[in-house]
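The chain contents come next:
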Amino acid sequence: MLKGKRVLLGVTGSIAAYKSAYLIRLLQQEGAEVKALITDAGKHFIGIDTLRALTGHEVYTDNFLTDGAWRDSHISLAEWADVYLLAPATANTIAGLACGMAGNLVTSTALAFSSHRIAVAPAMNTAMWCSPAVVDNVSLLRRRGVTIIDPGEGSLACGAQGTGRLAEPEDILAALTAILVTNKPLSGVRIMITAGPTREWLDDVRYISNPSTGKIGFSLTRAALAQGAEVRLVMGPVNELLDDIIAGAELISVESALDMQREVSAGIDTTDVLIMAAAVSDYRPVVRASGKIKKDKDVMTLNLVRNPDILKDIAGRAVNCVLIGFALESANHLENAQRKLADKRLDMIILNDPTSFGAETGSFTLLMKNRGPICIDQASKDNLALSIMEKIADILKERKRTDENN
Ligand code: C5P
């Protein structure tokens, strides 16, 4: 199943490190090539010679930073590997990953991988696994798209019973296979989705916003992940607890249109498809007053300034990116949406109306360049999202064909 795949194995300081030897064998039996890194603490639990003999490669340790013996660095190891597996991962290493620490080779190497290419198999005592710090760190990693291979229950090295045992090597292998072997239509495609409302503050206690709930963004995120895409979700303020809804996506929370523009701009060079489903405020107050504006006038005039059109502005820079927008229209629906498709230089625009705000279902029309409109009547947002993903796969295939013919 893993023929030709390259696994970088990070071993850290847990008694479960002895299981790494069997894990390497299992991965190799499936056809994978394995290289290992180990922390200083890990060396107390398994010998470097064992890892070297099993992998057939030099083992990377913190000494490589000073002895200059290896030409491979954490960057070239990340380029070599298809996936970075940390097994066993201690609470300390998990905290290092969550904070982006580069204090040793195992954690600094993680910084050179995109989150979707990292799998973490924790091993620790139950009380540690349940501690708020570890729970928060693990949840943060999941949110970024790291695969957490949950520990099992049973007897722990400290003599206690409970959750915290390193997952069985066979379960770790299954989780890695799910990451590495995908024949999904959007496998490896990097999709950035914006969703939810934006919030434009008037003063410290009031803002301008709209009733967007982010539901379409969640549906798009789930559909994209299910088709194998890597998802960066830039989300305006919504009421949902996001972790479980979009586990597997990289989540970036923003407030204002300017925040959203900054995050879209920061991610666009590593994006293949941008879907702007956010209900971005068209205007923001010229100034944000400090404190609370007093009600000392009968009529108050609010001075607003136009927000940048994030989608339109990025179109010039993102020439190779598939660009998708939404058009919420209350009149001249088709005509306005067609105009926006051309004006913002989009590949697709999805027309909807104000009744879809917060609703589970709605009626939508997909408009694409050089194609007739596709009407999707009274569909759930999940079904709409699946149709959009199908069209994205078609557009990408068509682009690939055109590139090959040129
Ligand atoms: O022009 P209109 O606001 O109707 O366009 C809607 C589309 O443009 C949506 O995809 C929305 O996310 C995006 N948009 C934007 N920046 C704005 C306003 C809307 O990117 N300031």
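Values in this document were obtained by computation on a predicted structure and should not be read as measured data.

Rules used in this analysis
- Residues numbered from 1 in each chain as written.
- Predicted model: local features only at pLDDT ≥ 70, side-chain atom pairs only at ≥ 80, totals over all residues.
- Heavy atoms only, no water.
- Helix = DSSP H or I, 4+ residues; strand = E, 2+ residues; numbered from the N terminus.
- Buried < 20%, exposed > 50% of the residue type's maximum accessible area, 1.4 Å probe, protein only.
- Contact = heavy atoms within 4.5 Å.
- Near = heavy atom within 4 Å.
- Polar contact = N/O pair within 3.5 Å; in protein donor to acceptor, adjacent residues only side chain to side chain.
- Areas by Shrake-Rupley, 256 points an atom, 1.4 Å probe, with all protein chains shown as cover.
- Axes fitted to C-alpha atoms, helices over the stretch in contact; angles between N-to-C directions.
- Parallel < 35°, antiparallel > 145°, perpendicular 65-115°, else oblique.
- Left-handed = near helix turned anticlockwise from the far one by under 90°.
- Nonpolar A, V, L, I, M, F, W, Y, C, P; charged D, E, K, R; others polar.
- Pairing = 2+ DSSP bridges.
- Phe/Tyr/Trp six-rings, centres within 6.5 Å; stacked < 30°, edge-to-face > 60°.
- Lys NZ or Arg CZ within 6 Å of the ring centre and 35° of its normal.
- Patch = residues over 30% accessible without salt bridge, like charges linked within 9 Å, V, L, I, M, F, W, Y side chains within 5 Å.
- Salt bridge = Lys/Arg side-chain N within 4 Å of Asp/Glu carboxyl O.
- Domains from an automatic or database assignment.
- Buried area = accessible area lost by both parts, 1.4 Å probe.

### Some points on the overall build of the chain
Then, in step 1: A tally of regular secondary structure across the chain gives 15 helices and 19 strands.
Then, in step 2: For the chain, the C-alpha atoms occupy an extent of roughly 75 × 60 × 40 Å along the three principal directions.
Then, in step 3: The buried share of the chain, taken over its 406 residues, is 48%.
Then, in step 4: Within the chain, contacts between residues separated by at least 24 positions form 68% of all contacts whose residues are at least 6 apart in sequence.

### Here we look at the site of the ligand
Then, in step 1: Around the ligand, the neighbouring residues are Met 276, Ala 278, Val 280, Asp 282, Pro 308, Asp 309, Ile 310, Leu 311, Gly 325, Phe 326, Lys 340 and Lys 344.
Then, in step 2: Between the ligand and Ala 278 there is a distance of 2.8 Å, counted from an oxygen atom to a backbone nitrogen or oxygen.
Then, in step 3: Within the backbone of Pro 308, an N or O atom sits 2.8 Å from a nitrogen atom of the ligand.
Then, in step 4: Within the complex, 87% of the 450 Å² of free accessible area of the ligand lies under protein.
Then, in step 5: Those elements that place two or more of their residues in the shell around the ligand are α13 (310–315) and β16 (322–328).

### Focus on the packing of helix α10 (residues 215–226) against helix α15 (residues 381–405)
Then, in step 1: Put simply, α10 and α15 touch, their axes get as near as 8 Å, and they point 50 degrees apart. As the angle between them shows, α10 and α15 are arranged oblique. α10 and α15 meet at a crossing whose hand is right-handed. Note on element contacts: α15 touches α10 through Lys 381, Asp 382, Leu 384, Ala 385, Leu 386, Ile 388 and Met 389, opposite Lys 215, Ile 216, Ser 219, Leu 220, Arg 222, Ala 223 and Ala 224.
Then, in step 2: In the contact of α10 with α15, the residues fall into nine nonpolar, one polar and four charged.

### Describing the sheet that holds strand β4 (residues 118–122)
Then, in step 1: Overall, parallel pairing links the five strands, which are arranged β2-β1-β3-β4-β5 in an open sheet. Edge positions in the sheet fall to β2 (33–38) and β5 (147–148), since each has one partner strand and no second.
Then, in step 2: Pairing between strand β1 (residues 6–11) and β2: six bridges, direction parallel. Residue pairing across strands places Arg 6 opposite Glu 33, the latter belonging to β2.

### Overview of the packing of aromatic side chains
Then, in step 1: Under the counting rule described, the total for this entry stands at two aromatic pairs.
Then, in step 2: Plain terms: the ring middles of Tyr 84 and Phe 113 are 5.0 Å apart, the flat faces sit at 20 degrees to each other, and that makes the pair stacked. Of the two residues, Tyr 84 is situated in strand β3 (residues 83–89) and Phe 113 in the loop between α6 (105–110) and β4; the sequence distance between them amounts to 29 residues. Considered together, Tyr 84 and Phe 113 belong to a single accessibility category, that of buried residues.
Then, in step 3: Ring centres of Trp 201 and Tyr 207 lie 5.0 Å apart, and the angle between their planes is 75 degrees; on these two criteria the pair is classed as edge-to-face.
Then, in step 4: We classify Tyr 207 as partly exposed; its relative accessible area is 38%.
Then, in step 5: The residue whose ring lies beneath Lys 35 is Trp 80, and the NZ or CZ to ring-centre distance is 4.6 Å.

### Quick notes on a nonpolar patch on the surface
Then, in step 1: Taken together, the side chains of Tyr 283, Met 300, Leu 302 and Leu 304 define a hydrophobic patch exposed on the protein surface, amounting to about 360 Å² of accessible area.
Then, in step 2: Structurally, Tyr 283 is set in strand β14 (residues 283–285).
Then, in step 3: Tyr 283 gets classed as partly exposed once you look at its relative accessible area, which sits at 40%.

### Points about the domain arrangement of the chain
Then, in step 1: Taken domain by domain, the chain holds domain 1 (6–180) and domain 2 (190–405).
Then, in step 2: Centre-to-centre, using C-alpha coordinates, domain 1 lies 37 Å away from domain 2.
Then, in step 3: Listed as interface residues are seven residues of domain 1 and, on the opposing side, seven residues of domain 2.
Then, in step 4: Contact between domain 1 and domain 2 buries roughly 580 Å² in total, counting both sides, with carbon and sulfur atoms accounting for 49%.
Then, in step 5: By the criterion of area lost to domain 2, the three top residues of domain 1 are His 116, Arg 142 and Arg 143, representing 74% of everything that side buries.
Then, in step 6: In this structure, the connection of domain 1 to domain 2 is made through one residue pair in polar contact (both at pLDDT 80 or more).

### Some remarks on the pattern of salt bridges
Then, in step 1: In this structure the tally under the stated criterion is 22 salt bridges.
Then, in step 2: With a shortest N-O distance of 3.1 Å, Lys 43 and Asp 40 are connected by a salt bridge.
Then, in step 3: In this structure Asp 40 comes out as partly exposed when scored by relative accessible area, which is 43%.
Then, in step 4: Residue Asp 347 is joined to Arg 399 by a salt bridge in which the shortest nitrogen-to-oxygen separation is 3.0 Å.

### Some points on the sheet that holds strand β18 (residues 361–368)
Then, in step 1: Across the sheet, eight strands lie side by side as β12-β11-β8-β13-β16-β17-β18-β19; this open sheet has mixed pairing. Because the sheet does not close on itself, it has two edges, and the strands there are β12 (250–253) and β19 (374–380). Between one strand axis and the next, the sheet turns through 20 degrees on average, direction left out of account.
Then, in step 2: By the bridge criterion, four bridges tie strand β8 (residues 190–195) to strand β13 (residues 273–276) in an arrangement that is parallel. The residue of β13 that forms the bridge with Ile 193 is Ile 275.
Then, in step 3: Packing against the sheet, α10 makes contact with β8, β11 (230–235), β13, β16, β17 (348–352) and β18, and its axis sits at approximately 170 degrees to β11.

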